[in-house]
Structure formats: C-alpha cells, structure tokens
Amino acid sequence: MKFKFQKKNIPAYIAILIVLLCILMIAAYFIRMAVIYFNGSEMETDKISGNINVMLTRPDNWEKIETGQISLTQNDLLKIDGSTATIPVTAELARQFCDATDENISGFIDHHTTHYAYRNLIYTKRNPQNYGNIFEKHLIFATEPSVNELQMAEEAGVSLDVKPIAMDGFVFITHKDNPIDSLTVEQVQKIYSGEITNWKEVGGNDAEIIPYQRERDSGSQTAMEQLVMKDVQLMEPAVGYRVETGMAELVERIGEYQNRENSIGYTYYYYINNLYKNENIKVLNIDGISPSNENLINHSYPFTTSYYAVLTDGCPEKMKELRDYLLTDEGQEIIRLAGYCPVTQNGEQHE
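Residues numbered from 1 in each chain as written. Predicted model: local features only at pLDDT ≥ 70, side-chain atom pairs only at ≥ 80, totals over all residues. Heavy atoms only, no water.

> Hey, could you run me through the overall build of the protein chain in this one?
In terms of helices and strands, the protein chain carries 12 helices and 13 strands. Of all intrachain contacts in the protein chain linking residues separated by at least 6 positions in sequence, the fraction that spans at least 24 positions is 76%. (Helix = DSSP H or I, 4+ residues; strand = E, 2+ residues; numbered from the N terminus. Contact = heavy atoms within 4.5 Å.)

Written out as structure tokens, the structure is:
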C-alpha cells in the first residue's frame, strides 16, 4: 500500500501531528518524574509545603527573649538557607527579631533542603556577582556536609566553617503495627547491608523487610552513611525503595502504603515529632535507648547527631555574628524555644 499525499488532508495531518506531539510531551514528563523519583537529581526547592504537615505556630510557652545583642532584618533571614528540619530555627529568629506572626512567617523563610543549601552557599561564595540559578545564601542551618559536598567546596576553592548549634537523634521508624520496638546498632547495619532480610531474624514477624533509603547527599542519607553504617557497606536499594521527594514521602510510605508494617526507614527525631506527624508511625529505640533530650545530652543514644550553622570564609560579618550569637546562652534559649535540644548549657558544650 502506497501513501499518497493530498493537499486537502493537510488539516487532518496537522491535527495528527499535534496529537503526537502532545503524547510525546506527556511521555517526556512522566519519564522525567520517574528519573527524579528514582535518581533524585533535580529536586531543588522545599519551602514550607510538601515536607511539613504541621503549622509553624509559636508554642504556648513562647516569649520574646532577644535583648538587642544583634539585629536582623527580613532580608538578612532570606539570605539563610537550610534543611527541612531546621526551618523552625529560622522561623524563631523571625519571631524574635522581626516580630513575624504565624500568618506571615513563611515570608521570612527560604530553605531549599540540605544538598541545595550547601550548593547555594558554596556557589554564592565562588561567584558572587552572577548567581544564575543559584540562590544568594551566606549562612545555612543543616546537617553535616557529605563527602560530595565537601568535594564541591574544595573544587570551588571554598572553605566551610561548620559549628553545631542544636542536637537531635537520627532515628529509625516503622509502622505502629510492627511488633518490634527496638533494634541494636548491629541489626540496623545488617538490615541496610542486606545481611538481614526478614523481620523474624530480629524477633519479629516472618515477613520480608522493606528498607527505604533517601537520595544521595540528602541530610538523612549522609547521616545514614557516616553516622550509622560507618565502615559497613550500605546496600544499593531495590527499585522503588529509594525515596527522592523528601522525608515526608518516606514517612507516608511507611505509614500508609501496602505492606507498611514490614517497612523501615530513617529520619530525624525532631522532624517526625514536630514537623511531619503521622499517627501510624513509631520510632524504634536503638540498643533499648530512646532519643530523648536527656539521652542526647549524655550521648547514650547511639545515633546522637547535630544541626550545624555553616559559613564560608569571608562571609558577611552579620552572618558570623548571628552564628556566634546562637552559641550564647540567649541564642541557645532561642534554639530551645524552637523545640530543639541545645548544644550548650551555661556556656559549656555538652560532652
């Protein structure tokens, strides 16, 4: 059968072409979403939307405590970036120094998640006159930098000044219907190295373990690699077990999805208790120890960690003043008001 072009059919040809183009665009969109979902290379912004389901309202015991040691404007606060879990630090600074209300608090906060916060900070320093697709940032509140982020800074010729401002527990979560309440450090390592694959091996049900992971260079994935696994090889997650769209998605999978009681994942204790609550989730003790403030302060909880204020060399003086202020007694009280465990008491750092 030979195709014969006819001018009278041009409108039909155009219509068919438009339909094909639409199909290609839709297919390209879903392919891109799949790439993001499984590889996590393009997720940039995190604002106060998808990864937080609790309103950033001031606590009942809130009080204005800043005494004029430093001054901050809204523009200063918008030069701060950070992880999802540190949004309340910036929010509390906005309340203390800018009289932000619960209604307008979001206008003072511009966090882009851990990896992109580091990227913004590093490339703001390297290329201060031409930000391009980089957000101008001079201070970030985040977990410690990953190996890749340290390499990024080195390649850019940027020195990072990293100091802890708050403590937290890196925690493992499962569904509330899972009978397991505690795991040992060794059991966690064996689950995530692939050596333990069934809950019955740790005293639970005869069911396959579904171990979720986060995307590379996210704050929680860095903690998993550096704080938990250390020298133990972290296994490559099975297809669909790497969560690329933020901590909220991981929580939802464990709390709501099919086979949810067989799932395990990880996050930060502050996040799961204060920023993204799910009544179907429970936090597992480690070696029988809970991540309470007391156990963080005395370091008996095995996966005690910190949030850091990170600067670059030669940063604006006001940002350095703010970082140093957060380590004073008054600054640490602001950290406490924001709901975190302070790193110092009476000027002394917890050992």
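Continuing now.
> What should I look at first to understand the pairing of strand β3 (residues 160-175) in this one?
Residues in a regular strand point their side chains to alternate faces of the sheet. Most of β3 is tucked away: 12 of the 16 residues are buried. As paired elements, β3 and strand β11 (residues 341-342) share two bridges and run antiparallel to each other. Note that in β11 the partner of Ala-166 across the bridge is Pro-342. The pairing of β3 with strand β8 (residues 263-268) spans five bridges and is antiparallel. Within the sheet, the bridge partner assigned to Phe-172 lies in β8 and is Tyr-266. Two strands pair when backbone bridges link them, and β3 and strand β9 (residues 281-286) are joined in this way by four bridges, in the antiparallel orientation. The residue of β9 that forms the bridge with Ile-173 is Val-283. (Buried < 20%, exposed > 50% of the residue type's maximum accessible area, 1.4 Å probe, protein only. Pairing = 2+ DSSP bridges.)

> What am I meant to see in the packing of helix α6 (residues 185-193) against helix α7 (residues 219-229) here?
When two helices pack together, their arrangement is captured by the angle between the axes and the distance separating the axes. Closest axis-to-axis distance for the α6/α7 pair is 11 Å, and the angle between their directions is 130°. With respect to α7, the axis of α6 lies oblique. Between α6 and α7 lies a crossing whose hand is left-handed. For the pair α6 and α7, contact is made by Val-188, Gln-189, Tyr-192 and Ser-193 and by Met-224, Val-228 and Met-229, respectively. Looking at the contact of α6 with α7 residue by residue, the classes come out as five nonpolar, two polar and no charged. (Axes fitted to C-alpha atoms, helices over the stretch in contact; angles between N-to-C directions. Parallel < 35°, antiparallel > 145°, perpendicular 65-115°, else oblique. Left-handed = near helix turned anticlockwise from the far one by under 90°. Nonpolar A, V, L, I, M, F, W, Y, C, P; charged D, E, K, R; others polar.)

> Just to check I follow, could you spell out the packing of aromatic side chains for this structure?
Within a pair of aromatic rings, the relevant descriptors are the distance that separates the centres and the angle that separates the planes. Scanning all chains against the criterion turns up 14 aromatic pairs. Ring centres of Tyr-192 and Tyr-266 lie 5.5 Å apart, and the angle between their planes is 65°; this geometry places the pair in the edge-to-face category. Placement of Tyr-192 in helix α6 and of Tyr-266 in strand β8 is noted, with a sequence separation of 74 residues between them. Exposure class is identical for Tyr-192 and Tyr-266. Each is buried. Note on Tyr-270 and Tyr-340: the rings are 3.9 Å apart at their centroids and 15° apart in plane angle, and the pair reads as stacked. Of the two residues, Tyr-270 sits in helix α9 (residues 269-275) while Tyr-340 sits in the loop between α12 (329-337) and β11, which places them 70 residues apart along the sequence. The ring of Trp-62 carries the charged tip of Arg-58 above its face, separated from the ring centre by 4.3 Å. (Phe/Tyr/Trp six-rings, centres within 6.5 Å; stacked < 30°, edge-to-face > 60°. Lys NZ or Arg CZ within 6 Å of the ring centre and 35° of its normal.)

> Sorry if this is basic, but what is going on with the packing of helix α4 (residues 114-126) against helix α5 (residues 147-155) here?
Contact geometry of α4 with α5 gives a least axis separation of 10 Å together with a crossing angle of 10°. If you check the angle between α4 and α5, you find them roughly parallel. Mapping the contact onto sequence places Thr-114, His-115, Tyr-118, Arg-119, Ile-122 and Tyr-123 in α4 and Glu-149, Met-152 and Ala-153 in α5. Broken down by class, the residue content of the contact of α4 with α5 amounts to five nonpolar, two polar and two charged.

> What is the right way to look at the environment of Asp-206 in this model?
Looking at the secondary structure, you find Asp-206 in the loop between α6 and β5 (210-211). Its relative accessible area of 60% is what places Asp-206 among the exposed residues. Residues Asp-206 and Asn-262, spaced 56 residues apart in sequence, show a C-alpha to C-alpha distance of 9.6 Å. Every residue in contact with Asp-206, bar those within four places of it in the chain, is listed here: Asn-198 and Lys-200.

> Looking at this structure, I do not really get the nonpolar core. What am I missing?
One broad trend across soluble globular proteins is that nonpolar side chains are buried collectively. Among the nonpolar cores identified, the biggest contains 80 residues, and Leu-93, Phe-170, Phe-172 and Tyr-192 are the most heavily contacted of them. Non-local contacts of Phe-172, meaning those with residues more than four positions away in its chain, are made with Val-188, Tyr-192, Met-224, Val-228, Ile-264, Gly-265, Tyr-266, Lys-282, Val-283, Leu-284, Ile-286 and Phe-303. Membership of the second largest hydrophobic core comes to 13 residues, among which are Ile-140, Ala-153, Leu-160 and Tyr-308. (Core = buried A, V, L, I, M, F, W, Y, C linked by side-chain atoms within 4.5 Å.)

> Would you mind going over the pairing of β9 with me for this structure?
Strand direction decides the pairing type here: strand β4 (residues 182-183) and β9, joined by two bridges, are parallel. Along β9, the bridge assignment pairs Ser-182 with Asn-285.

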